Amino acid sequence: MEIVLASKSPRRQELLKTAVPEFSVMVPEFDEGPVMAAGLCPEETVRRLSLGKALAARERFGAIPERIYISGDTVVVSPEGEIMGKPRDRADAKRMLGILSGRTHWVITAVTLAGADRERAFTVTTEVDFYPLTEQEIEAYLDTGEPFDKAGAYGIQGAGGLFVRGIRGDYFNVVGLPVAELWRALRTF
């Protein structure tokens with residue numbers, strides 16, 4: 001079986017190695033705008049994003065028997081239900097971190113497996129509690145540059161992990177790929 005990761009995320013690539021030692025990376029073009037603008041609940045939004053990327057990869061690179069495309073998408077959901085993707089700029093990242101400060105939020109990752117003639121998608125949700133953050137802590141973190149390519153403007157696997165009081169659920173889900181659930185899904189796909 002040939003495994004193809006349809007994601008340019010270095011975090012997903014690194015995590016996938018724990019479940020699948022050998023795979024290739026083929027990243028399709030996919031416009032997230034219509035899904036994000038549809039006003040869907042967070043779980044359905046992330047599921048459609050992941051499915052759209054997997055189907056775009058299959059269409060672009062071929063529906064080949066014995067090939068499985070894997071795609072994933074992760075969103076952070078604020079206590080108010082706002083879907084937080086990657087910040088647009090420094091001000092947006094600061095706003096997101098301020099909202100998460102001292103509160104509980106959710107990280108939802110959807111993963112899609114797409115074969116030549118079938119698909120399977122699943123989502124994993126993890127609750128994350130943040131310590132209260134000072135403005136100085138937020139500004140110092142923004143200065144690292146780390147928040148700008150991460151949903152919710154933080155990376156738990158980096159300096160953003162210093163803000164995390166605790167989690168309930170899958171740590172690797174927060175990083176961007178729930179590898180234990182993926183490994184099990186691959187065995188039965």
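Quick caveat, the model's predicted, so the values are computed rather than measured. Each chain carries its own residue numbering, running from 1 in the direction its sequence is written. In keeping with the model being predicted, local features are shown solely for residues with a pLDDT of at least 70 and side-chain atom pairs are shown and tallied solely at 80 or more, while totals for entire chains, interfaces and linings include all residues. Values shown for side chains rest on all heavy atoms present in the structure; no hydrogens or waters enter the calculation.

Q: Which residues make up the packing of helix H1 (residues 10-19) against helix H7 (residues 179-188), and what are the values?
A: Working note: a packed helix pair is described by the angle between its axes plus the distance between those axes. Axis definition: a line fitted to C-alpha atoms, limited for helices to the stretch in contact. Angles are taken between N-to-C directions and run from 0 to 180 degrees. The secondary structure listing takes helices from DSSP runs of H or I that are at least 4 residues long and strands from runs of E that are at least 2 residues long, numbered from the N terminus. As a packed pair, H1 and H7 sit with axes 9 Å apart at the nearest point and diverge in direction by 55 degrees. Viewed along their axes, H1 and H7 adopt a mutual orientation that is oblique. In this structure, H1 crosses over H7, and the sense of that crossing is right-handed. Residues Leu 15, Leu 16, Thr 18 and Ala 19 of H1 lie in contact with H7, whose contacting residues are Val 179, Leu 182 and Trp 183. In the scheme used here, Gly and all other residues not listed as nonpolar or charged are polar, with Ala, Val, Leu, Ile, Met, Phe, Trp, Tyr, Cys and Pro taken as nonpolar and Asp, Glu, Lys and Arg as charged. In terms of residue class, the contact of H1 with H7 is built from 6 nonpolar, 1 polar and no charged. The scheme is simple: roughly parallel for angles under 35 degrees, roughly antiparallel for over 145, roughly perpendicular for 65 to 115, oblique for anything else. What makes a crossing left-handed is the near helix being turned counterclockwise from the far one by less than a right angle; a clockwise turn instead makes it right-handed. In this description, contact between two residues means that some pair of their heavy atoms is separated by no more than 4.5 Å.

Q: Account for helix H4 (residues 90-100), naming residues and giving values.
A: Residue pairs spaced three or four apart in an α-helix point in one direction, given the helix's 3.6 residues per turn. Burial here depends on accessible area, computed with a 1.4 Å probe over protein chains only, as a share of the maximum for the residue type. Under 20% is buried, over 50% is exposed, and the range in between is partly exposed. Every buried residue of H4 is listed here: Asp 92, Ala 93, Met 96, Leu 97, Ile 99 and Leu 100. With its buried residues spanning 160 degrees around the axis, H4 presents them on a single face. As for H4, its buried residues are in contact with strand S3 (67-77), strand S4 (83-84), strand S5 (104-114), strand S6 (119-130) and helix H5 (135-144). Throughout, the arc means the angular range of directions from the helix axis out to the C-beta atoms.

Q: So what's going on with the pattern of salt bridges? Residues and values would help.
A: By definition, a salt bridge exists where a carboxyl oxygen of Asp or Glu is found within 4 Å of a side-chain nitrogen of Lys or Arg. The final tally for this structure, using the stated rule, is 18 salt bridges. Glu 82 is the salt-bridge partner of Arg 95, the closest N and O atoms lying 2.8 Å from each other. Of this pair, Arg 95 sits in helix H4 while Glu 82 sits in the loop between S3 and S4, and the two are 13 residues apart along the sequence. On the basis of relative accessible area, Glu 82 is assigned to the partly exposed category, the value being 28%.

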